[in-house]
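# Residue-level structural notes
Spelled out, the chains give:
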Amino acid sequence: MATHHPSHHPAHRVAGIGPTIFATVTAEAVRTGAANLGQGFPDDDGPAEMLQIAADQITGGNNQYGPGPGLPELREAVAADRRDRWGQQVTADDVLITVGATEAIAASVLGLVDAGRQVVVLEPTYDAYTAAIGLAEATVRPVRLRLEPDAAGVRHWSLDRDAVAAAVAEPETAAVLLNTPHNPTGTVLGREDLEFIADLVRGTDIVVISDEVYERLVFSGDGLTHVPFATLPGMADQTVTISSAAKSFNVTGWKTGWAIAPADLLRPITAAKQFLSYVGVTPLQPAVAWALGNADDWSAEWTETLRARRASLITALQDAGLEVLGSEGTYFLITDIAPLGLGISGEEFCRRLPAAVGVAAIPVTAFVTPAAAADPDDPVHTLVRWTFCKNDATLDRAARALASGVRDRFTGVAGPSPDRSA
Ligand code: PMP
Ligand code: GLN
């Protein structure tokens with residue numbers, strides 16, 4: 001008798017989704033023992049007192065479901081932090097605690113964007129946006145950042161105002177999903193660019209979802225600061241602000257984030273969030289609340305540490321023959337590998353880099369549409385993202401590996417591979 005083998009097809013909304021590039025590169029870094037400058041998670045722990053509070057909460061018995069919108073003390077702390085640091089006039093009622101910024105993004109798109117509408121995103125685009133918009137059966141409308149040299153000849157990314165205006169004007173546009181400081185480019189959008197976008201959406205029913213997870217990580221010494229979109233005139237009513245403890249306090253594994261919005265926007269986001277995860281992780285919330293109120297000094301010191309590590313990584317990459325593009329924030333920077341003259345894509349470079357050189361990095365093609373990723377004439381073809389949030393030992397190991405002759409290692413003329421020990 002023939003056995004019937006049922007065949008299972010993925011739903012079309014997830015059909016194109018495989019393991020993320022970050023997980024893939026981290027696995028290859030572990031397999032080869034390479035210094036992992038790919039996935040953006042720091043080696044250093046966050047503030048010690050915050051960690052102790054979390055441990056005490058668990059051993060002290062705070063281990064059951066909390067209130068749906070989050071613990072009141074964390075919602076208060078998020079609102080107070082936004083008021084004190086950015087002058088954003090919000091209260092605890094405007095705050096929903098989520099399972100990381102990732103859930104806040106998904107719940108915002110699911111709660112606010114109907115199937116068939118479109119969401120304007122900056123490209124290169126963080127992969128979770130494309131996935132969340134796909135899950136909502138809406139369309140991604142990428143607006144490519146421009147890449148141009150400044151007066152000193154250093155190439156920087158910037159907002160293409162004409163392109164964003166054209167995309168926002170399209171009748172299908174339901175939302176604009178902004179990210180500043182921007183992953184993967186490190187671009188910090190200035191007030192004028194954000195005001196330009198505010199002028200485009202003002203008086204429309206378009207919602208701005210503003211992912212500000214790198215709000216504390218701005219490095220430029222030229223007076224450049226983070227500008228929360230919701231603080232622009234009139235924008236509080238139209239904006240969902242998203243952030244998280246992950247990048248502010250070095251706890252990417254805690255998955256504790258938040259969405260901040262007025263009641264009519266927060267209600268549908270809460271409805272979606274409620275059935276994605278029900279509630280956030282209870283015992284971590286008092287610890288994050290403490291950090292928001294008490295860890296500004298730790299934060300300032302960490303930003304200074306990152307600034308120094310960024311400078312060393314820039315030197316190591318330039319010495320290795322790569323072009324380093326301008327980046328003002330986050331813990332990422334992008335290089336062009338074209339000057340190495342290898343004639344390969346950034347994607348192939350990153351696939352071979354851990355085994356060939358002993359370092360891991362992320363190809364920028366992972367942050368663009370499949371069509372752009374496949375186009376060898378697209379400028380992102382040879383771009384590669386590196387993180388400098390790792391500890392000094394990892395960064396030193398990466399610098400030694402890069403100094404061992406990247407070009408020669410790819411062309412096979414180099415000697416034994418560099419020391420992989422930590
Ligand atoms: N947005 C951006 C731009 C990110 O780089 C990340 C990764 N930290 C997230 C959201 C996700 O944050 P979380 O870990 O809090 O979900
Ligand atoms: N945000 C991190 C990065 O860009 C990765 C987060 C993840 O792996 N999903 O490297």
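All of the points below concern the structure found in this document. (Residues numbered from 1 in each chain as written. Chains lettered and ligands numbered in written order. Predicted model: local features only at pLDDT ≥ 70, side-chain atom pairs only at ≥ 80, totals over all residues. Heavy atoms only, no water.)

## Some points on the nonpolar core
Ranked by size, the top nonpolar core spans 66 residues in total, and within it Val240, Phe349, Val359, Trp386 and Phe410 carry the most contacts. Ranked by residues supplied to this core, first place goes to helix H4 (residues 100-112) with six residues. The next biggest cluster of nonpolar side chains, apart from the first, holds 29 residues, and it includes Ala167, Val176, Leu194 and Ile334. (Core = buried A, V, L, I, M, F, W, Y, C linked by side-chain atoms within 4.5 Å. Buried < 20%, exposed > 50% of the residue type's maximum accessible area, 1.4 Å probe, protein only. Helix = DSSP H or I, 4+ residues; strand = E, 2+ residues; numbered from the N terminus.)

## Let's talk about the environment of Val218
Structurally, the position occupied by Val218 is in the loop between strand S8 (207-211) and strand S9 (239-244). Separated by 10 residues in the primary sequence, Val218 and Pro228 place their C-alpha atoms 13 Å from one another. Beyond its immediate chain neighbours, meaning those up to four positions away, Val218 contacts Pro181, Val188, Leu224, Thr225, His226, Thr303, Glu328 and Gly329. (Contact = heavy atoms within 4.5 Å.)

## A few points about the environment of Ser345
The topology assignment puts Ser345 in the loop between strand S12 (332-336) and helix H12 (346-357). Judged by relative accessible area, which is 14%, Ser345 ranks as buried. Through-space distance from the C-alpha of Ser345 to that of Leu383 is 8.1 Å; in sequence the pair is 38 residues apart. Setting aside residues no more than four positions away along its own chain, Ser345 makes contact with Ile337 and His381.

## Considering the sheet that holds S12
Judged by pairing direction, the sheet is antiparallel, and its four strands sit side by side in the order S11-S12-S15-S14 without closing on themselves. At either end of the open sheet lies a strand with only one pairing partner, and these are strand S11 (323-324) and strand S14 (362-363). Taken together, the five bridges between S12 and strand S15 (residues 383-387) define a ladder with antiparallel strand orientation. The partner of Leu333 across the bridge, within S15, is Trp386. Packing against the sheet, H12 makes contact with S14 and S15, and its axis sits at approximately 45 degrees to S15. (Pairing = 2+ DSSP bridges. Axes fitted to C-alpha atoms, helices over the stretch in contact; angles between N-to-C directions.)

## Quick word on the sheet that holds strand S7 (residues 173-179)
If you trace the seven strands from one edge of the open sheet to the other, you get S2-S10-S9-S8-S7-S3-S4, paired in mixed fashion. Single-partner strands in this sheet number two, and they are strand S2 (95-99) and strand S4 (139-144). Ignoring strand direction, the axes of neighbouring strands in this sheet form an average angle of 25 degrees. Sheet analysis places S2 next to strand S10 (residues 256-260), joined by five bridges and oriented antiparallel. Within the sheet, the bridge partner assigned to Val95 lies in S10 and is Ile260. Strand contacts of helix H3 (residues 72-86): S2, S9 and S10, with the helix running at about 115 degrees to S2, the strand carrying the most contacts.

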